[in-house]
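Structural overview
Given next are the chains, with one letter for each unit.
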Amino acid sequence: MKLSKRAANISSSPTLAIDAKAKQLKADGAKVFNFGVGEPDFDTPQHIKDAAIEAINAGMTKYTPVAGTVQLKQAVIDKFKRENGLSYEAAQIIASSGAKHSLYNVFQVLVEEGDEVIIPTPYWVSHMEQIKIPGGKPVVVMTSEENGFKMTPEQLQEAITPKTKVVLLNSPSNPTGAVYSKEELEVLGNIILKHDNITIISDEIYEKLVYDNMEHVSIASISEELKERTVVINGVSKAYSMTGWRIGYAAAPLEIAKAMANLQSHSTSNPSSIAQAASVAALSGTQQPVEDMKVEFVKRRDYMLERLLAIPGISCPKPNGAFYLFPNVSAYFGKSYNGKPINSATDLAAVLLEEVQVAVVPGVAFGNDDFMRFSYATDMDTITEAMNRIEKLLAEVK
Ligand SMILES: Cc1ncc(COP(=O)(O)O)c(C=O)c1O
């Protein structure tokens, strides 16, 4: 039996090793302080759950149109209009089983063997793999702490070649929390517009989690020309604590939208009818739960950042969005703890887990192993105790 080339090229998630170890420790009865999670720790708001229960009782338990119900499409259209100043028609909206699925669809219909996709790095691990599945060539643009982990216009210009098919943007970013301003997007957008064959995929799943009076701007909203070049990806997972419901959506130029719906019609068909009804309530109902969640996230981010920056050798730009901190831990490389050598974030993450039961994701998962990703989607008591443990351990690294 021989697997397809496509399957052989897919890397297993580098986060899995740490995750498996964390789960093993937990199963053995240890308390694990988990900073690895990529989902809000809050419950789905009650009015959203109620909408799902009503949908079940009303018999909304059958197939829906492949790209989503009329009601969900309308809620998405209204959301884009109200919050992003973007006008779409129903045929341009495709609801899928999570934003990850939306991304999968769009990479499948746009990217061919050998096409280049510009991916600002640190990147989210699934972005990288989804480029590779259809045979795309990831063009890594390494951003720096000094630039707040944002791709500069010069870097973009340099990375573009006649083979560039897609520029991927993810603001706010997983893993760095970087948020691009309108001006920054405008400059990047103008560079892209000079090249007729480039489409922008803009992953805006963390849109609602933006802090410090920053504003989320969709690059599609900057001009009609950019809108015609952009596929916007969004979803309900992060904003409404709905990771398990699996609803994401895309807004795309008509030709791309049609191709995505066709592909989906032969793979998963419509996303869950019940989850679609819940998502209508999420998008159209009160946004107060999002505001409450943000207040809590800011408190945690500020506390954790203060604790991290108090540790000698650690640097970390203040992220304006998402729920991750991405500190540079390379000052600890070339040293050891209890005889265990530390030469990468992967080594340090293993030591943290084994010695003090703190789980973090090493930067290797995001294309730069000088860093580690700390999720603050966990409660303050856990954060406080875990930071005490990290501080103590790092003081003993020699
Ligand atoms: C940048 C980014 N895009 C997309 C997703 C996928 O979200 P969903 O749960 O809707 O598939 C995630 C989830 O971790 C993410 O971090």
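Quick note: structure is the one above.
What this report covers is the structure whose coordinates are included nearby.

Thresholds, definitions, all that
- Residues numbered from 1 in each chain as written.
- Predicted model: local features only at pLDDT ≥ 70, side-chain atom pairs only at ≥ 80, totals over all residues.
- Heavy atoms only, no water.
- Axes fitted to C-alpha atoms, helices over the stretch in contact; angles between N-to-C directions.
- Helix = DSSP H or I, 4+ residues; strand = E, 2+ residues; numbered from the N terminus.
- Parallel < 35°, antiparallel > 145°, perpendicular 65-115°, else oblique.
- Left-handed = near helix turned anticlockwise from the far one by under 90°.
- Contact = heavy atoms within 4.5 Å.
- Nonpolar A, V, L, I, M, F, W, Y, C, P; charged D, E, K, R; others polar.
- 1 Å grid on protein atoms, 1.4 Å probe; cavity = no way out; pocket = protein on both sides within 12 Å on 5 of 7 lines; lining within 4 Å.
- Points joined across faces, edges and corners; volume = space filled by probe spheres on them.
- Domains from an automatic or database assignment.

With respect to the packing of helix H4 (residues 70–84) against helix H11 (residues 273–284)
At a closest axis distance of 9 Å, the pairing of H4 and H11 adopts a crossing angle of 25°. Accordingly, the angle class assigned to the pair H4 and H11 is roughly parallel. With respect to the hand of their crossing, H4 and H11 are arranged in left-handed fashion. Facing H4, whose interface residues are Gln71, Leu72, Ala75, Val76, Lys79 and Arg82, H11 presents Gln276, Ser279, Val280, Leu283 and Ser284. Taken together, the residues of the contact of H4 with H11 break down into 5 nonpolar, 4 polar and 2 charged.

Describing the layout of surface pockets
Its volume calculated, the largest pocket comes out at about 870 Å³. What lines the largest pocket is a set of 32 residues, and nearest its centre among them are Gly38, Lys100, Trp124, Lys238 and Arg373. Breaking the lining of the largest pocket down by element, the ones donating at least two residues are helix H2 (15–27), helix H5 (99–110) and helix H6 (125–132). Residues of the lining of the largest pocket, tallied by class, amount to 15 nonpolar, 10 polar and 7 charged. Split by domain, the residues of the lining of the largest pocket number at least three in each of domain 1 (5–43 + 289–395) and domain 2 (60–284). What the second largest pocket holds in volume is close to 230 Å³. What lines the second largest pocket is simply Glu83, Asn84, Glu207, Lys208, Met214, Glu215, His216, Gln287, Val290, Glu291 and Lys294. Going through the elements one at a time, H4 and helix H12 (288–309) are the ones with two or more residues in the lining of the second largest pocket. Considered class by class, the residues forming the lining of the second largest pocket number 2 nonpolar, 3 polar and 6 charged.

Fair warning: the whole summary comes from geometry, so function is off the table for now.
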